[in-house]
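One letter stands for each residue in the lines below.
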Amino acid sequence: MSKTGGGKQRKARAILTPTEAILESISDGVFTVGMDWRIMSFNRAGEEITGVPRQEAIGQRCSEVFRSSICGADCALQQTLKTGKPVIGKTCYIVNANGDSIPISISTAVLRDADGCVIGGAETFRDISEVEALRRELEGKFSVGDLVSRSPAMQRIFEVLPAIAASPSTVLIQGATGTGKEMLAQTIHALSPRSTGPLIAVNCSALPDTLLESELFGYKAGAFSGANRDKPGRFALAKGGTLFLDEIGDISPALQVRLLRVLQERMYEPLGATRSEKADVRVIVASNRNLAELVRSGEFREDLYYRVNVVRIELPQLDRRKEDIPLLIGQFVERFNRLQRKSIQGVSTEALSLMMGYHWPGNVRELENVVERAFILCEQGFIGIGHLPEELRSRGISQGQDQAARSVHDLLDIEAIRTALERNSFNRLAAARTLGIHKTTLFRKIKKLGMVLPAPISREREQ
């Protein structure tokens, strides 16, 4: 080819149609595929996000270029071509040319020719790495392990949890049913020096006393009728790790004596054994009953109470930490999306308002069950009021309806204001702009809601 011909070709390529010019100027990646799933067009932003040059991408199958977490049966573009309905804002990961995992948000549409016939599909994708980094940063401030909370009561627990986990001392966790006592025990174990060892949990209220004793300490062959071989107990199985005794307030006085000896001497005897064995375990106990009151009533030994009450953690009921409901819902939605391979985007404002006004007698466990039930009924989009159980809809705001409604509104305001402030390093003026209100309105709301906030992060401190 002559130099003159090459120059004309470059000049022709530089002349873009208005549509091509727009696609080249936007920050979202855009590509189109034919019915054979081979890429027909690929814009500049697509090159930058994936690290794959346009000339290499065009002609390849899209799965070979993107290597996405949803390629295959979960392909959003495939879903669009089957149903004719677009997918909007679905999040997933791709692997770029350097082998790095990049979080993206995608939207899809059917591609038609001038006669309206389907000839392929189009997809836009946006790099949300900064958004994900901000989300992880914010989550880090309000989470320890799998526990998430913004409430002052839980934040005080989070502050001392690393020190508690590092200690070998016995821990007593008290809280109503469903407040997350076992999850807290799992977190303590995961943060402890014994994290490489096993975590063995025993529900003391679920077993009769004689069976519970053999479960805890094990037995030797011939210890009783039917004991044909040695069976290790939970203390033996938890060797080098942690033993979690849930609902310890329900064990009998006789078993309390045996447990006291183990905690004092760190030795135990399996049933039918002739010598003691070492209990190389860290013990965490929990109860939904007030052990101090059980001591006063004579149902729980005082010496055992003081032995297990070395470090005590009181878990508040969900009704006393309602500011955590949006966080917990987000955590459950993410988990059930992963388990059920769905893409539920969250909970609608109306449904969230109703959930914030409910008293949650079953605490966090009940909230998790409600979200799981909603996942069965909700196929896509947002969980709405119609996906919530009838009991919650009818009793969400019962007595003192006006006062409860105002309380729900205030909690939602606090959540929105706090999120805006966190995203703007607690700069009040910037947060007001984010919320679309005047700064004096924001100051008035903060004062009215009684919010205590840290000082703004100055430019000097940021630098």
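Reference entry: report on the structure contained in this document. Since the structure is predicted, the reported quantities are computational estimates derived from the model, not experimental observations.

Examining helix H21 (residues 439-449)
Taken together, the buried positions of H21 are Leu 442, Ile 446 and Leu 449. Viewed along the axis of H21, the buried residues span an arc of 75°, placing them on a single side of the element. Along H21, the residues that are exposed and aim more than 90 degrees away from the buried face are Arg 444, Lys 447 and Lys 448. Looking at the residues trailing H21, positive phi occurs at Gly 450, about 70°.

A few points about empty space enclosed by the protein
Inspection of the entire model under this criterion finds one cavity of 30 Å³ or more. Estimates place the volume of the largest cavity at around 130 Å³. As for the largest cavity, its lining consists of 14 residues, of which Phe 66, Ser 68, Cys 71, Cys 75 and Glu 123 are closest to the centre. Of all the secondary-structure elements, those providing two or more residues to the lining of the largest cavity are helix H5 (62-66), helix H6 (76-83), strand S3 (90-95) and strand S4 (101-112). Class assignment for the residues of the lining of the largest cavity results in twelve nonpolar, one polar and one charged.

Observations concerning the nonpolar core
In this structure, Leu 216, Phe 235, Leu 245 and Leu 291 are the most contacted members of the largest nonpolar core, which totals 30 residues. Mapped by element, the contributors of at least two residues to this core are strand S9 (199-203), helix H10 (209-217), strand S12 (242-246), helix H12 (253-265), strand S15 (282-287), helix H13 (291-296) and helix H14 (302-308). The dominant element in this core, judged by the number of residues it contributes, is H12, at five residues. Apart from residues lying up to four places away in sequence, Leu 291 is in contact with Leu 172, Gln 174, Ile 248, Gly 249, Phe 300, Tyr 305 and Val 308.

Focus: unusual backbone geometry
A positive phi angle, near 55°, is found at Glu 247, a position not held by glycine. Position of Glu 247 among the secondary structure elements: in the loop between S12 and H12. Positive phi, normally seen in glycine, also occurs at Arg 266, with a value near 55°. Take Arg 266: it is sitting in the loop between H12 and strand S13 (267-268). Residue classification places Arg 266 among the partly exposed residues on the basis of a relative accessible area of 26%.

So, how was this worked out
- Residues numbered from 1 in each chain as written.
- Predicted model: local features only at pLDDT ≥ 70, side-chain atom pairs only at ≥ 80, totals over all residues.
- Heavy atoms only, no water.
- Buried < 20%, exposed > 50% of the residue type's maximum accessible area, 1.4 Å probe, protein only.
- Helix = DSSP H or I, 4+ residues; strand = E, 2+ residues; numbered from the N terminus.
- Arc of directions from axis to C-beta.
- 1 Å grid on protein atoms, 1.4 Å probe; cavity = no way out; pocket = protein on both sides within 12 Å on 5 of 7 lines; lining within 4 Å.
- Points joined across faces, edges and corners; volume = space filled by probe spheres on them.
- Nonpolar A, V, L, I, M, F, W, Y, C, P; charged D, E, K, R; others polar.
- Core = buried A, V, L, I, M, F, W, Y, C linked by side-chain atoms within 4.5 Å.
- Contact = heavy atoms within 4.5 Å.

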